[in-house]
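# Structural overview for review
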Amino acid sequence: MMRTNSSAAPDPGANMGDPIARTESVAKVTGRIPYATDERGKTPLEAYFLTSAITRGQLISIDTAAAEALAGVVKVYTHHNAPKRIATPYTQKGGYASDTNMPLTGPEIFNDGQIVAMVIAESYEIARDASHRIVCRYAPTTPAVIIGKPGVETIHPDALLEKEKNVGDFATAFAAAPVKIEGEYSTPAQHQNPIELYSTTASWSGDKLTIHEPSQFVVELAHGTAAMMGIDPSKVRVINPFMGGAFGGKGFMTQRTALVAGAARELGRDVRNVVTRDQGYTLATYRAETKHHIRLAADLEGRLLAYSHESWELQSRHDNYPLAGFGVTTAMYGKPAIETRINLVKADRQTSGFMRAPVEMPYMYALESAMDELAVALKMDPIELRRVNDIRESPIDGARFTSRSLMKCFDEASASFGWSKRNPEPGSMRDGDWLIGYGCATAAYPTHMGPAIARVTMSANGDVRVESSGQDSGQGTYTVLAQIAARELGIEPGQVRVVMGDSKLPPAPASSNSLGTASIGSAVKLATDKIRARFGGTMPSRDDRATAFRRMGVQEVSESGEFLPPGTQPKVLDMLRKGQVPFANQARGDESKNGKPLMFAFGAQFAEVRIHRLTHEIRVPRLTGAFAAGRIVNTRTAHSQLMGGMIWGMASGLLEATAVDEKRGRWIKSSLEEYLLPVNADTPRVDVILVPEEDHEINPLGVKGIGEIGIVGGAAAAANAVYHATGKRIRDLPILMDKLLI
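### Here's the deal with the overall build of the chain
From N to C terminus, the chain includes 17 helices and 27 strands. Taking 2.2 N^0.38 as the reference for a compact globule, 742 residues should give roughly 27 Å; the C-alpha atoms of the chain span a radius of gyration of 26 Å, in line with that estimate. A principal-axis box enclosing the C-alpha atoms of the chain has dimensions of 80 × 75 × 50 Å. Across the 742 residues that make up the chain, the buried fraction comes to 62%. A separation of at least 24 residues holds for 82% of the contacts in the chain among residues at least 6 apart in sequence. Across the chain, the mean location of the 82 positive side-chain charges is 2 Å away from that of the 82 negative side-chain charges.

Written out as structure tokens, the structure is:
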């Protein structure tokens with residue numbers, strides 16, 4: 001179900017908000033869309049990676065003779081003869097690499113699945129066969145891969161101090177409070193598993209390099225590859241118009257790209273590599289484990305008096321990727337005394353990275369579970385607890401929210417869900433042998449925006465071309481950009497052709513953090529504003545258009561729009577052109593300084609679970625979510641994004657996890673056969689409600705972004721429903737039936 005309202009758009013009109021179908025949908029389902037691996041080049045060679053069979057230790061010897069003797073093998077690369085590359089710093093330290101553990105540079109093994117050889121052959125089958133003929137001898141050492149276990153190193157870098165939020169005297173407030181709760185929560189490792197596998201095809205023409213690779217940030221990939229190959233960035237072009245899913249795993253350059261490009265340069269042939277499904281678990285980033293210790297205290301009316309939150313985030317030995325989610329959680333409720341601390345746990349794992357709602361999913365799961373526990377302790381309705389603590393300004397520094405429709409979302413979702421029928425006593429609601437539980441949680445996601453440039457060209461016949469290097473990961477960016485341009489220029493969306501996914505086009509930020517429409521769309525609007533200005537501020541009608549163009553003496557007009565997020569400096573556009581700016585965050589909460597307003601999208605998540613009293617089988621017959629995310633450009637694509645996010649959020653609470661062998665340090669599950677994902681039968685009914693909201697401060701379009709908020713709160717809503725059904729509080733995700741048997 002989807003409920004919408006035309007007033008969701010600040011200036012409702014034709015095309016804006018219309019639920020038109022995605023422009024590329026027919027081409028996708030009929031197989032006419034070219035993906036990265038479809039670009040085979042000029043009879044490419046195939047590259048296949050052999051990965052380490054141990055997690056930590058030394059590669060004593062590697063014998064490639066049998067592999068090299070196989071007919072069709074062109075070359076086998078190891079650390080003895082690997083293509084030359086130049087190391088680039090970690091992306092969060094001004095570089096380009098998502099993982100700085102450069103493979104084939106020495107015999108030391110730092111994590112499970114590290115590349116130890118690359119076979120180049122005339123076919124994929126030959127390359128893979130040859131990889132099995134390579135003989136490796138290892139000297140393993142005992143790995144440390146689990147938070148809280150021997151061998152890991154817990155650190156508290158000074159760089160994280162500004163991410164920690166502290167206000168008031170927590171110890172005194174907590175000690176004096178009449179009602180208090182304390183709990184420890186954990187989230188597991190998870191992997192993105194996009195349907196389109198990770199891949200790279202590298203093609204050289206003289207000193208120019210063309211790369212076809214599924215990437216959420218083609219400008220970054222082009223500059224990063226140039227840096228690692230030691231060539232001028234103008235010589236590198238990355239092409240990726242379509243992706244079959246990404247979810248953060250394709251966000252930044254990995255070490256694979258330069259390795260394949262280096263082989264192609266040495267061999268004088270195009271080289272293609274397709275990472276296998278199981279290799280994707282170790283050769284890409286993932287969501288790492290987190291642990292949380294939360295203490296909450298309130299007065300008898302439910303007003304928060306104290307909030308303490310200490311977190312532990314698992315990291316690789318090489319890089320620090322801190323989630324540091326306190327800017328979100330401390331901006332949620334009341335005005336309590338607050339105490340926070342972030343710990344990084346260094347372990348023998350590959351570097352973690354972005355996965356949909358990377359910060360918000362684990363941190364809000366912990367907070368929203370604790371809020372439910374506090375509501376139980378207060379004997380108070382969980383929605384009313386949030387209502388009592390609803391705020392209009394930051395508890396940390398008083399920064400105001402540009403808009404905050406949280407309780408509107410709870411009111412609409414609870415009415416649709418039937419929350420009033422809930423008996424608050426755990427285990428009291430039944431249907432035969434099935435225990436019924438209702439749970440709810442807050443969804444929140446900061447409004448991210450990045451600098452972006454877009455070019456819009458209009459011809460005399462009314463056809464329009466929109467150009468941007470930005471990417472469409474499958475969320476409908478092609479469609480919404482066409483709608484924006486059409487609305488502003490007074491034409492039909494079908495007259496607009498959007499061209500994206502090429503690093504030679506006007507630069508755009510990463511397709512991540514729900515910033516695409518807000519950023520690229522704002523740049524498109526600025527460009528169309530300039531075109532309208534060329535016609536005196538008002539676009540000519542269709543009948544008058546040809547005459548207007550003749551008067552101007554042109555067959556087409558072209559303008560570029562340069563969008564700068566509020567509060568950013570023009571220099572960030574130059575940084576974007578170098579692929580150095582993933583996003584400019586205006587509202588993670590921790591960025592609210594000197595009175596800068598907080599910009600958030602909000603939502604309310606509800607879940608019904610049914611648990612069989614004998615088998616403890618868990619079923620989720622329905623989910624309901626209401627979301628206020630500023631202006632909605634296309635209600636159909638918005639509904640799709642939010643529905644998918646809600647299903648993923650539920651799955652992150654009840655199904656999804658990547659198990660690790662503590663002794664060997666290797667992933668136990670590394671395929672879609674073993675990795676639990678929800679299917680249609682797991683989510684019979686998903687109701688999505690779009691709550692109208694206007695916010696004129698955030699950007700020219702009033703768009704907040706919806707790609708990730710649908711996940712946030714879903715795990716907590718499901719976990720809270722499990723408690724309501726059974727009376728058992730399971731704090732460690734995922735909640736599988738075996739945990740209910742204990």
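Now that the structure has been shown, we can carry on.
### A word on helix H15 (residues 635-654)
Structurally, the α-helix is built with 3.6 residues per turn, so residues lying three or four positions apart point the same way. With 20 residues, H15 extends 28 Å between its outermost C-alpha atoms, agreeing within 8% with the 28 Å of an ideal straight helix rising 1.5 Å per residue. Counting buried positions along H15 gives 15 out of 20 residues, so the element sits mostly inside the fold. One side-chain oxygen at the N-terminal end of H15 lies 2.8 Å from the backbone nitrogen of Arg 636; it belongs to Asn 634.

### So, the sheet that holds strand E21 (residues 464-467)
The strand order E22-E21-E20-E23 describes an open sheet built from 4 strands, whose pairing is mixed. What marks the edges here is a single partner per strand, and that holds for strand E22 (496-499) and strand E23 (556-563). Pairwise comparison of adjacent strand axes, ignoring direction, gives a mean angle of 15° for this sheet. With 8 bridges joining them, strand E20 (residues 452-459) and E23 adopt antiparallel strand pairing. Across the sheet, the residue bridging to Arg 455 is Ser 560, located in E23. Its contacts with the sheet put helix H12 (residues 516-534) on E20, E21 and E23, and the angle it makes with E23 is roughly 135°. Strand contacts of helix H13 (residues 542-552): E20 and E23, with the helix running at about 105° to E20, the strand carrying the most contacts.

### Concerning the sheet that holds strand E16 (residues 337-347)
Across the sheet, which stays open at both edges, the 5 strands sit in the order E8-E16-E15-E14-E9 with mixed pairing between neighbours. At either margin of the open sheet sits one strand with a lone partner, and together these are strand E8 (153-155) and strand E9 (179-187). Strand after strand, the sheet turns through a mean of 15° between neighbouring axes, direction not considered.

### What about helix H6 (residues 255-267)?
Compared with the 18 Å implied by 1.5 Å per residue over 13 residues, the 19 Å span of H6 between its first and last C-alpha is a close match. Summarising burial for H6: 10 of the 13 residues are buried, a large majority. All of the buried residues along H6 are Gln 255, Arg 256, Thr 257, Ala 258, Leu 259, Val 260, Ala 261, Gly 262, Ala 263 and Ala 264. Just past H6, the residue Gly 268 takes up positive phi, approximately 70°.

### With respect to the nonpolar core
Soluble globular proteins tend to bury their nonpolar side chains together. Within the largest apolar cluster, 91 residues are counted, with the highest numbers of intra-cluster contacts made by Leu 296, Met 332, Leu 374 and Phe 606. With 10 residues, helix H8 (residues 360-378) is the largest single contributor of residues to this core. If we skip the residues at most four places from it in the chain, Leu 374 touches Val 179, Ile 181, Leu 296, Ala 298, Leu 304 and Leu 385. Met 118, Ile 211, Ala 264 and Leu 576 belong to the second largest nonpolar core, which has 51 residues in total.

### Examining the confidence of the model for the chain
Per-residue pLDDT for the chain averages 93, and the proportion of residues at 70 or more is 96%. Within the model, pLDDT remains below 50 along residues 1-16, and this stretch shows 48 contacts once partners closer than five positions in the same chain are excluded. Throughout residues 583-593 the model reports pLDDT below 50, and contacts reaching past four residues in sequence, or to other chains, amount to 51 contacts.

### A word on the environment of Ile 60
Mapped onto the elements, Ile 60 comes out in strand E3 (residues 57-63). For the pair Ile 60 and Pro 140, spaced 80 residues apart in sequence, the C-alpha separation works out to 9.7 Å. In this view, Ile 60 contacts Arg 137, Tyr 138 and Ala 139; residues no more than four positions away in its chain are not counted.

### Quick word on the pairing of strand E10 (residues 199-205)
Of all 7 residues in E10, 6 are buried, a share of seventy percent or more. Pairing between E10 and strand E13 (residues 271-274): 4 bridges, direction antiparallel. Each bridged residue has a counterpart across the sheet, and for Thr 200 the counterpart in E13 is Asn 273. Pairing analysis gives 5 bridges linking E10 to strand E11 (residues 208-212), with the strands arranged antiparallel. Pairing of Trp 204 across the sheet is with Leu 209, part of E11. As consecutive antiparallel partners, E10 and E11 are separated by 2 residues, and within that stretch Gly 206 has a phi angle of approximately 70°, a positive value.

Conventions and cut-offs
Residues numbered from 1 in each chain as written. Predicted model: local features only at pLDDT ≥ 70, side-chain atom pairs only at ≥ 80, totals over all residues. Heavy atoms only, no water. Helix = DSSP H or I, 4+ residues; strand = E, 2+ residues; numbered from the N terminus. Rg over C-alpha atoms; globule rule 2.2 N^0.38 Å. Buried < 20%, exposed > 50% of the residue type's maximum accessible area, 1.4 Å probe, protein only. Contact = heavy atoms within 4.5 Å. Lys, Arg positive; Asp, Glu negative; His and termini not counted. Charge placed at Lys NZ, Arg CZ, Asp CG, Glu CD. Expected span 1.5 Å × (residues − 1). Polar contact = N/O pair within 3.5 Å; in protein donor to acceptor, adjacent residues only side chain to side chain. Pairing = 2+ DSSP bridges. Axes fitted to C-alpha atoms, helices over the stretch in contact; angles between N-to-C directions. Core = buried A, V, L, I, M, F, W, Y, C linked by side-chain atoms within 4.5 Å. pLDDT = per-residue confidence, 0-100.

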